[in-house]
Amino acid sequence: MDLKQIEKINTYEWEISRSVQPWMRVPVRIFSDEIMLKAALQDRSLDQAVNAASLPGLVGSVCVMPDVHQGYGFPIGGVAATDVQEGVISPGGIGYDINCGVRLMASDLPRQAAEHLLEDFTRLLYQACPSGVGEKGIVQVQAKELRRICEQGSGWALKNGFADREDIETSEDGGCIAGADWAAVSRRASERGAEQIGSLGSGNHFIEVDYVEQVFDEQAAAVMGLHKGSIAIQLHSGSRGFGHQVCTDFVHQFQAVAAKYHIQLPDRELVCAPLNSTEGRAYLSAMRAAANYAFCNRQVLAYAVRQTFEDCFPGYHLRNVYDLAHNIGKIETHRIGGQSVRVCVHRKGATRAFAPGHPDLPQQYQKIGQPVLVPGSMGTSSWVLVGTESAMLKSFGSCSHGAGRVLSRTQAKKEVNGGQLREELAARGIFVQAGSLRGLAEEAPRAYKNIDRVIECIEGTGLGRSVARLVPLAVIKG
Amino acid sequence: MDAERPFSGFKEVPHKADIALDVFAPNLPEMFINAAMGLYHILGIRKGTTDLEEIHITLDDIDREGLLVVFLTELLYRVEEGRVVNQFSLTIHENHLEADLKVVPVLSRQREVKAVTYHELKINKENGSYHTRLVFDL
């Protein structure tokens, strides 16, 4: 892809026309400034967005978020919506870590009151929340119970004492997507999922202790319970081996299905099935089971975080601000060409960002819009935003999910020494507990884009509105 | 390296979010084995020495690229179970694979691989050497 092939719409919006490749069914709309767009052209992310534009039944445009970077099949930071009647669903457009997502919890604990206990608290969190390669979860269940988890999501956690009512109310979809079908889940997925509920995993998954460094929208921050100078905690995890296996099963199965429905694609990782076919419905049901598994996984982890926090800091409560998915396929209604259309929105590395008044939002967020959580890298700030009407109109109610990588893992390992990085972060007042120094190096702050610039683009495009900025004090990496 | 024999092995190539491997071999079965060794390398596996079992697997797929993904996915699943292949004997005929595998325990591993992807996967044969590029989701 070349900058000459991209048309500038305005400072923060760009378009790749359908004429660029013969397989494109819709254009690609990029939300970015020129500098970040040029950075995106350094990898294959925009070629991948062009490939994604080949999916049958697409409506509007394939949307590319400011934090886009190269993935496989779809780019990470890509959004694509397909018509539920005529369109397809693509497991690769959702990703292997189904319902990978972020949860933010907030407290009234002032940073100054926490600082002397922060290292001990982080060590206790590290013990309470299983993390790293091959670690079993807080909860291990038999198949019968796993089925309930897949059908009830965070509701299972509530029934079993791992959640309170507010946790459920302040989770996307109430922590459970209807329509999960256990029969669509393979034995292998079930085996892999049984022992990992309440485990963080490794890679870019984390728990981060932050403080609210700045508030930009006092009213929205107050509704979310975010107060300047107080402690907040973010948690990033997904559906673990269960979701990986569900996606693996269907990407494999769909290799033949795509041919059956005469679907031609430029990359076989994009394989898909019609949403109204037996195969498409089976994947949607299994994907929802994995999404519910992930909601429950984060809820069980959040419960352990809360218990540890309240033991360490008596008299302070850690309440849920929001829990959201950023690798997901959702059936939603959007205005396209002046008409309401039911679509399957594929968000791969993109966060839902519904505007104020949307019926799917919890009561408390009806006036301000959906909280949008955009974590930075472990040495930089993270942002809390709210969804907007512009996002509804431009990106199927979607926004960025993070900073986005600029360095490959290989390059990051070459440039960064994990032990040294830990010391550097400590010198800046950020305490790190990591399962692997190599993994830490791969996730170094310099491996990621400048998060503040990503937010500037989001503000510029109107896909989100800033509420607060969080600064890290301690990080747990799997 | 023998000048007559094409390079056989794998090497890591940069990938922005995940990890990619270039795999080379003079024949298809050796390429599959090299890809398996590459996967184990990415996982950072430390193997035990006690033989656990000898297993026979049979796999079929729509083409040889699909067969490679299915084969590696099978090995990845067995790593999740704590088993790593120490000795391979493979035959591949068109889109059918038969393998006799000697399995030992995984003592430890350094990394999780979520999946073996099909992303732009193509097995090429040039000048008597097979080559492919595999992308693994981390």
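Residues numbered from 1 in each chain as written. Chains lettered and ligands numbered in written order. Predicted model: local features only at pLDDT ≥ 70, side-chain atom pairs only at ≥ 80, totals over all residues. Heavy atoms only, no water.

By the naming in an unreviewed UniProt entry, chain B goes by SHS2 domain-containing protein and is assigned to Pelolinea submarina. A UniProt comment under Sequence similarities (unreviewed entry) is attached to chain B, and it reads "Belongs to the archease family." (UniProt positions renumbered as here; feature names shortened; annotations may be inferred.)

You'll find chain A entered in an unreviewed UniProt entry as tRNA-splicing ligase RtcB, with Pelolinea submarina given as the organism. If you open the UniProt record of chain A and go to Sequence similarities (unreviewed entry), you find "Belongs to the RtcB family." The heading Subunit (unreviewed entry) in the UniProt record of chain A holds the text "Monomer."

(A) How the structure looks around the overall build of chain A. A count of helical and extended segments in chain A gives 16 helices and 19 strands. Taking 478 residues into account, the globule formula puts the C-alpha radius of gyration at 23 Å, and chain A, at 21 Å, falls close to it. The dimensions of chain A, computed from C-alpha atoms along their principal axes, are 60 × 50 × 45 Å. Put simply, chain A has 478 residues, and 66% of those count as buried. Pairs at least 24 residues apart make up 76% of the contacts formed inside chain A by residues separated by at least 6 positions. Accessible surface, chain A: about 16000 Å² in total, of which carbon and sulfur atoms supply 46%. Of note, chain A has its 49 positive side-chain charges centred 4 Å away from the centre of its 51 negative side-chain charges. (Helix = DSSP H or I, 4+ residues; strand = E, 2+ residues; numbered from the N terminus. Rg over C-alpha atoms; globule rule 2.2 N^0.38 Å. Buried < 20%, exposed > 50% of the residue type's maximum accessible area, 1.4 Å probe, protein only. Contact = heavy atoms within 4.5 Å. Areas by Shrake-Rupley, 256 points an atom, 1.4 Å probe, with all protein chains shown as cover. Lys, Arg positive; Asp, Glu negative; His and termini not counted. Charge placed at Lys NZ, Arg CZ, Asp CG, Glu CD.)

(B) Representation of the pattern of salt bridges in the model. All names here are of chain A. Across all of its chains, the model carries 43 salt bridges over all chains by this definition. With a closest N to O distance of 3.4 Å, Asp 164 and Arg 306 form a salt bridge. Here Arg 306 lies in helix 11 (residues 278-312) and Asp 164 lies in the loop between helix 6 (154-159) and helix 7 (165-169), a separation of 142 residues in the sequence. Put simply, Glu 213 and Arg 469 hold a salt bridge, and the shortest N to O gap is 2.7 Å. (Salt bridge = Lys/Arg side-chain N within 4 Å of Asp/Glu carboxyl O.)

(C) Structural detail: the packing of helix 4 (residues 118-128) of chain A against helix 11 of chain A. All names here are of chain A. Interhelical geometry of helix 4 versus helix 11 gives an angle of 150° and a closest axis separation of 9 Å. Handedness of the helix 4/helix 11 crossing: right-handed. The segment helix 4 lies against helix 11, with Phe 121, Leu 124, Leu 125 and Ala 128 engaging Ala 304, Val 305, Thr 308, Phe 309 and Cys 312. Here the residues of the contact of helix 4 with helix 11 sort into eight nonpolar, one polar and no charged. (Axes fitted to C-alpha atoms, helices over the stretch in contact; angles between N-to-C directions. Left-handed = near helix turned anticlockwise from the far one by under 90°. Nonpolar A, V, L, I, M, F, W, Y, C, P; charged D, E, K, R; others polar.)

(D) A look at the interface of chain A and chain B. If you look at the interface, chain A gives 42 residues, while chain B gives 33 residues. The interface formed by chain A and chain B contains eight salt bridges. With its nearest N and O atoms 3.3 Å apart, the salt bridge here joins Glu112(B) to Arg240(A). Linking chain A with chain B are 16 residue pairs in polar contact (both at pLDDT 80 or more), by the criterion used here. Sorting the residues of the side of chain A that touches chain B by element identifies helix 2 (45-52), strand 4 (58-72), helix 8 (187-193), helix 10 (240-260), helix 13 (409-415) and helix 15 (437-442) of chain A as the ones contributing at least two each. Ranked by the residues each element gives to the side of chain A that touches chain B, the list is headed by helix 10 of chain A, at eight residues. Grouping the constituent residues of the side of chain A that touches chain B by class yields eight nonpolar, 18 polar and 16 charged. (Polar contact = N/O pair within 3.5 Å; in protein donor to acceptor, adjacent residues only side chain to side chain.)

(E) Local environment of the pairing of strand 1 (residues 9-13) of chain B. All names here are of chain B. The pairing of strand 1 with strand 2 (residues 19-25) spans five bridges and is classified as antiparallel. Counterpart to Glu 12 in the pairing with strand 2 is Leu 21. Between strand 1 and strand 2, which follow one another and run antiparallel, lie five residues. (Pairing = 2+ DSSP bridges.)

(F) View of the nonpolar core. Among the nonpolar cores identified, the biggest contains 124 residues, and Val28(A), Phe242(A), Phe32(B), Phe71(B), Leu72(B), Leu75(B) and Phe136(B) are the most heavily contacted of them. No other element matches helix 11 of chain A, which puts eleven residues into this core. Counting 31 residues, the second largest nonpolar core, distinct from the first, contains Tyr12(A), Met65(A), Val345(A) and Leu385(A). (Core = buried A, V, L, I, M, F, W, Y, C linked by side-chain atoms within 4.5 Å.)

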